[in-house]
Amino acid sequence: MHGTVQLRHTERGTPAARFTVMQVPRVRHDNSGRLAQYKPAEELDNAQLSCQFVIPSDEVWPAALADLGPDCPLGLWARGGDQLPQLTASAVAVTGNRNATEQAITRARAFATAVAEAGHTVTAILAYGVDSAAHRAAALAGRATLAVLPRGLDRAHLHDHAQLLSTVPATGGAVVSLYRPGTEASGATLRASATLLAALVRTVILIEALDHTEAAMHTAEVAADLNRPLLAPPATQDIRADGSARLLAEQRAILCPDPA
């Protein structure tokens, strides 16, 4: 390891050891010095009692994250991580406003059901509004979903979605997070998780989004930058979607009026 990290042979297969080996070149090039201060072994050993930590060298690592280039995360916390290759092979995000209108919820359910019944993995952030409606619609269609959490996997986001969180891996799906157990959600974690969501999927369907709806709009913007197809139903008088309308006007999104 060029004198940087020494590992006994028996340690090399452990998650902490694999992370440390992978971390070495990043430590060398981290001018801030933050990575050099990070000691993951004890934290990984404790956290993996409730969830799995996967890194890019693992077979289950989502290959699509390579599109993030230098912003690709060092690892992901996961429940149901063994299912990640199958789930991400045809993942489609269905996302939108947290404070969604009833018409948007109805539209989210219709699109999520169509996506699920076509054999794709409905993927969202498990938040209020459009995202949780999409998860529930896919579950009603008997399909596994993929959830991206903007906090540690020890608790749901939001807290009253605990039952929904537990049913995702229990029904063949997976839940992933950039953040260790115990981490609380914040504006920064929501934004980073929106980036992760966009990178994990093949396509993003933006049901209803206002320009100030940060997570949904950030997902859409990143998807467009990553050349993921971005689909948006048309705005109506009943659906508040000036963000979606702007992306359509800029030709960064494709009009998709019907789930079929």
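Here, the structure is the one placed above.
Residues numbered from 1 in each chain as written. Predicted model: local features only at pLDDT ≥ 70, side-chain atom pairs only at ≥ 80, totals over all residues. Heavy atoms only, no water.

S.K.: Please provide a residue-by-residue account of the sheet that holds strand β7 (residues 203-206), values included.
M.R.: Taken in spatial order, the 9 strands of this open sheet run β1-β2-β6-β5-β4-β3-β7-β8-β9, and their pairing is mixed. The sheet is open, and its two borders are formed by β1 (52-54) and β9 (254-255), each paired with just one other strand. Here strand β2 (residues 76-79) runs beside strand β6 (residues 174-177); their pairing, made up of 3 bridges, is antiparallel. When the bridges of β6 are listed, Trp77 appears paired with Ser177. Strands in contact with helix α8 (residues 214-225) are β3 (91-95), β7 and β8 (230-232); relative to β7, the strand with the most contacts, it is inclined by about 145 degrees. (Pairing = 2+ DSSP bridges. Helix = DSSP H or I, 4+ residues; strand = E, 2+ residues; numbered from the N terminus. Contact = heavy atoms within 4.5 Å. Axes fitted to C-alpha atoms, helices over the stretch in contact; angles between N-to-C directions.)

S.K.: Outline the pairing of β7, supporting the account with residue identities and numerical values.
M.R.: Burial along β7 is two-sided: the face carrying Thr203 and Ile205 and the face carrying Val204 and Leu206 are both buried. As defined by bridge partners, β3 adjoins β7 across 4 bridges and the pair is classed as parallel. Each residue of the ladder has a partner; that of Thr95, found in β7, is Leu206. (Buried < 20%, exposed > 50% of the residue type's maximum accessible area, 1.4 Å probe, protein only.)

S.K.: An account of the environment of Ala199 is needed here, citing residue identities and associated values.
M.R.: Here Ala199 shows up in helix α7 (residues 187-200). On the basis of relative accessibility, which here comes to 0%, the residue Ala199 falls in the buried class. Excluding anything up to four places from it in sequence, Ala199 contacts Ala64, Leu65, Leu68, Leu226 and Arg228.

S.K.: Go over α7, please, and point to the residues and values.
M.R.: With 14 residues, α7 extends 20 Å between its outermost C-alpha atoms, agreeing within 8% with the 20 Å of an ideal straight helix rising 1.5 Å per residue. By the burial criterion, the buried members of α7 are Thr189, Ser193, Ala194, Thr195, Leu196, Leu197, Ala198, Ala199 and Leu200. (Expected span 1.5 Å × (residues − 1).)

S.K.: Lay out the nonpolar core in plain terms, naming residues and giving numbers.
M.R.: Within the largest apolar cluster, 36 residues are counted, with the highest numbers of intra-cluster contacts made by Leu65, Val176, Leu196, Leu200, Leu206, Leu230 and Leu247. Leu206 has contacts with Thr95, Ala216, Met217, Ala220, Leu230, Leu231, Ala232, Pro233, Ser244 and Leu247, leaving out every residue within four places of it along the chain. (Core = buried A, V, L, I, M, F, W, Y, C linked by side-chain atoms within 4.5 Å.)

S.K.: Which residues make up helix α4 (residues 102-117), and what values go with them?
M.R.: Between its terminal C-alpha atoms α4 stretches 23 Å, which fits the 22 Å expected from 16 residues at 1.5 Å a residue. All of the buried residues along α4 are Ala104, Ile105, Arg107, Ala108, Phe111, Ala112, Val115 and Ala116. Down the axis of α4, the sector holding all buried residues measures 160 degrees, keeping them to one side. Exposed side of α4, more than 90 degrees from the buried face: Glu102 and Glu117 are the residues found there. Of the surrounding secondary structure, the elements contacted by the buried residues of α4 are β3, β4 (121-124), α5 (130-140) and β7. (Arc of directions from axis to C-beta.)

S.K.: Quick one: what's the story with the pairing of β2, residue by residue and with numbers?
M.R.: In the sheet, β1 pairs with β2 via 3 bridges, with the strands oriented antiparallel. Across the sheet, the residue bridging to Phe53 is Trp77, located in β2.

S.K.: How would you summarise the pattern of salt bridges if you had to cite specific residues and measurements?
M.R.: What the rule picks out here adds up to 8 salt bridges. A salt bridge links Arg252 to Glu221; its shortest N-O distance comes to 2.4 Å. Of the two residues, Arg252 sits in the loop between α9 (242-249) and β9 while Glu221 sits in helix α8, which places them 31 residues apart along the sequence. Judged by relative accessible area, which is 29%, Arg252 ranks as partly exposed. When the shortest N-O distance is used, the salt bridge between Arg252 and Asp225 registers 3.0 Å. Taken together, the positions of Arg252 in the loop between α9 and β9 and Asp225 in helix α8 put the pair 27 residues apart, joining distant regions of the chain. Overall, the relative accessible area of 57% leaves Asp225 in the exposed class. Overlapping salt bridges bring together Glu221, Asp225, Arg246, Glu250 and Arg252 as one network. (Salt bridge = Lys/Arg side-chain N within 4 Å of Asp/Glu carboxyl O.)

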